[in-house]
Amino acid sequence: MRRLRACLGAAAAVTLAAAGTTALVASNASGATSALSNRWYAAAPYLMPLDNDPPDAAAIMDASGLKAFQLAFILAPNGGGCSPTWGGTAPVSGDTAVQNVISTIRAKGGDVSVSIGGYGGTKLGQACADAASTAAAYQQVITKYGLHAIDFDLEEPEYENTAAVRNEIGAAKILQQNNPGLYVSVTTAGTADGTGWFGKQMLLEAKSQGFTPNNFSIMPFDGGFNGAASQTSALTNFNAILRSTFGWDEATAYAHEGFSGMNGRSDTGEYFSQADFQTVLDYATSHNMDRFTFWSLNRDRQCSPADNGGRTSGTCSSVAQNSWDFAKYSVKFAGATPPSTTPTPTPTPTPTPTPNSCKTEWSSGSVYTAGNEISYNKHNWKAKWWTQNEVPGASEWGPWQDEGAC
């Protein structure tokens, strides 16, 4: 999971708003597919198309029956500004790599949603001057890719910024109005009580702006969770928060509620198995919830011994599984029947990693960008995004990914 300068002006946003009612139709003329059912966009798991060893989307579709993917993440440029990029580094305006992934998916009868925000990095809601300029930046993404769905992933540290959340919610409302039929989800942190103080403030902001997305989804992991029972309890509590905030009855709240899980080993060492996913899926369908998704398809494969399955990885789940096991729960939520596979393999013991040679020692005065590798405290670390003077390992949510002992 990922995450002030000059922005597109309000005039640009007004221009886009005037053309907004035809945005989806116009983009379809340039090659986008017809929209899938909302159930498929609600079931789309997250896929990083440029990072974390991206898997072949076509192979996932063939093996699992999946049709929809949630591509992540759109951020502000690392160097500043109010224009959309993939991961802070790849401008949407000049993109061909993600466009090729989308074309492959659509050629096989599928489609994509795009997620903005995530954990880390600078969000457009933080970088842009107001809701109108934030919406104008996101409209560029919708128009370029002919999108029928978009996800606002509002997490730390952005959702602690009142002005940024106001911009994001305002932008979501503008996009919803200007792109008829656009499926909009809002995803935020989960706690045992449903969501925390900042999540509740985000809901109050949505209420104050008169904005209702297709769903508000919580991520019940990385917060002391222990299997499916703790997750379904959090979903029940979140339903109560939605009811009290918006004045909905229970059924209406569930119809606007979503689940976004993490397959396998979470960032904080929690484990969520295939059986946990089935339990939460049963809860979601029996309560007529609107969304069931997970982070991420890049992780929906078993770790090799060399990967050290005993730690959290961005490219494998650290639990015993067949490739794309977890994607099949999304397929079931969408109402389709996944292809059959061989039984899940017997778990293998967690291997003892062989130490690697140490990279260049970390320096507090140096600037590091995404992908840079250093060593610190006899571990190698890889930068997730731009950073300077942030000690590796000081925070589990920090800019450094532990690559293991060296």
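Definitions and limits used
Residues numbered from 1 in each chain as written. Predicted model: local features only at pLDDT ≥ 70, side-chain atom pairs only at ≥ 80, totals over all residues. Heavy atoms only, no water. Helix = DSSP H or I, 4+ residues; strand = E, 2+ residues; numbered from the N terminus. Buried < 20%, exposed > 50% of the residue type's maximum accessible area, 1.4 Å probe, protein only. Core = buried A, V, L, I, M, F, W, Y, C linked by side-chain atoms within 4.5 Å. Contact = heavy atoms within 4.5 Å. Disulfide = S-S within 2.5 Å. Expected span 1.5 Å × (residues − 1). Arc of directions from axis to C-beta. Axes fitted to C-alpha atoms, helices over the stretch in contact; angles between N-to-C directions. Parallel < 35°, antiparallel > 145°, perpendicular 65-115°, else oblique. Left-handed = near helix turned anticlockwise from the far one by under 90°. Nonpolar A, V, L, I, M, F, W, Y, C, P; charged D, E, K, R; others polar.

1. Things to note about the overall build of the chain
No. 1: For the chain, the count of helices and strands is 13 helices and 17 strands.
No. 2: For the chain, the residues scored as buried account for 52% of the 406 residues in total.

2. What about the nonpolar core?
No. 1: Ranked by internal contacts, the top residues of the largest apolar core, which has 93 residues, are Phe69, Leu71, Ile74, Phe152, Phe216 and Phe292.
No. 2: Apart from the residues lying within four places of it in its own chain, the contact partners of Ile74 are Pro84, Thr85, Trp86, Val92, Val114, Ser115, Ile116, Gly117, Leu124, Tyr138 and Val141.
No. 3: Grouped together as the second largest cluster of nonpolar side chains are six residues, Trp362, Ile374, Trp381 and Trp400 included.

3. So, the state of the cysteines
No. 1: A full pass over the atoms with the stated rule returns two disulfides.
No. 2: The disulfide bridge from Cys82 ends at Cys128, spanning 1.9 Å between sulfur atoms. What sets the handedness of the Cys82 and Cys128 disulfide is the S-S torsion sign, and at about 100° it is right-handed. One end of the pair, Cys82, is in the loop between strand E2 (68-75) and strand E3 (85-86); the other, Cys128, is in the loop between helix H6 (124-127) and helix H7 (131-145), with 46 residues separating them in the sequence. Exposure class is identical for Cys82 and Cys128. Each is buried.
No. 3: Put simply, Cys303 and Cys316 are joined by a disulfide, and their sulfur atoms are 2.0 Å apart. Since a negative S-S torsion denotes a left-handed disulfide, the Cys303-Cys316 link at about 90° is right-handed. In this pair, Cys303 is assigned in the loop between strand E12 (291-295) and helix H13 (327-334) and Cys316 in the loop between E12 and H13, connecting sequence segments 13 residues apart. Like Cys316, Cys303 is buried.

4. Comments concerning helix H9 (residues 197-209)
No. 1: Counted at 1.5 Å a residue, the expected span for H9 with its 13 residues is 18 Å, and the 19 Å between its end C-alpha atoms agrees.
No. 2: When we look at burial in H9, the residues that qualify are Gly199, Met202, Leu203, Glu205, Ala206 and Gln209. Projected onto a plane normal to the axis of H9, the buried residues spread over an arc of 155° and lie on a single side. Opposite the buried face of H9, at more than 90 degrees from it, the exposed residues are Trp197 and Ser208.
No. 3: Buried residues along H9 sit against strand E6 (149-154), helix H8 (162-178), strand E7 (183-189), strand E8 (215-219) and helix H10 (228-246).
No. 4: Immediately beyond the C-terminal end of H9, within one or two residues, lies Gly210, with a positive phi of roughly 70°.

5. Let's talk about the packing of H10 against helix H12 (residues 274-286)
When two helices pack together, their arrangement is captured by the angle between the axes and the distance separating the axes.
No. 1: Look at H10 against H12: their axes get within 9 Å of each other, and the N-to-C directions meet at 25°. Between H10 and H12, the interaxial angle falls into the category roughly parallel. Considering how the two elements wind past one another, H10 and H12 form a crossing that is right-handed. Between H10, through Ala228, Gln231, Thr232, Leu235 and Thr236, and H12, the contact on the second element is made entirely by Asp276, Thr279, Val280 and Tyr283.
No. 2: Counted by class, the contact of H10 with H12 contains four nonpolar, four polar and one charged residues.

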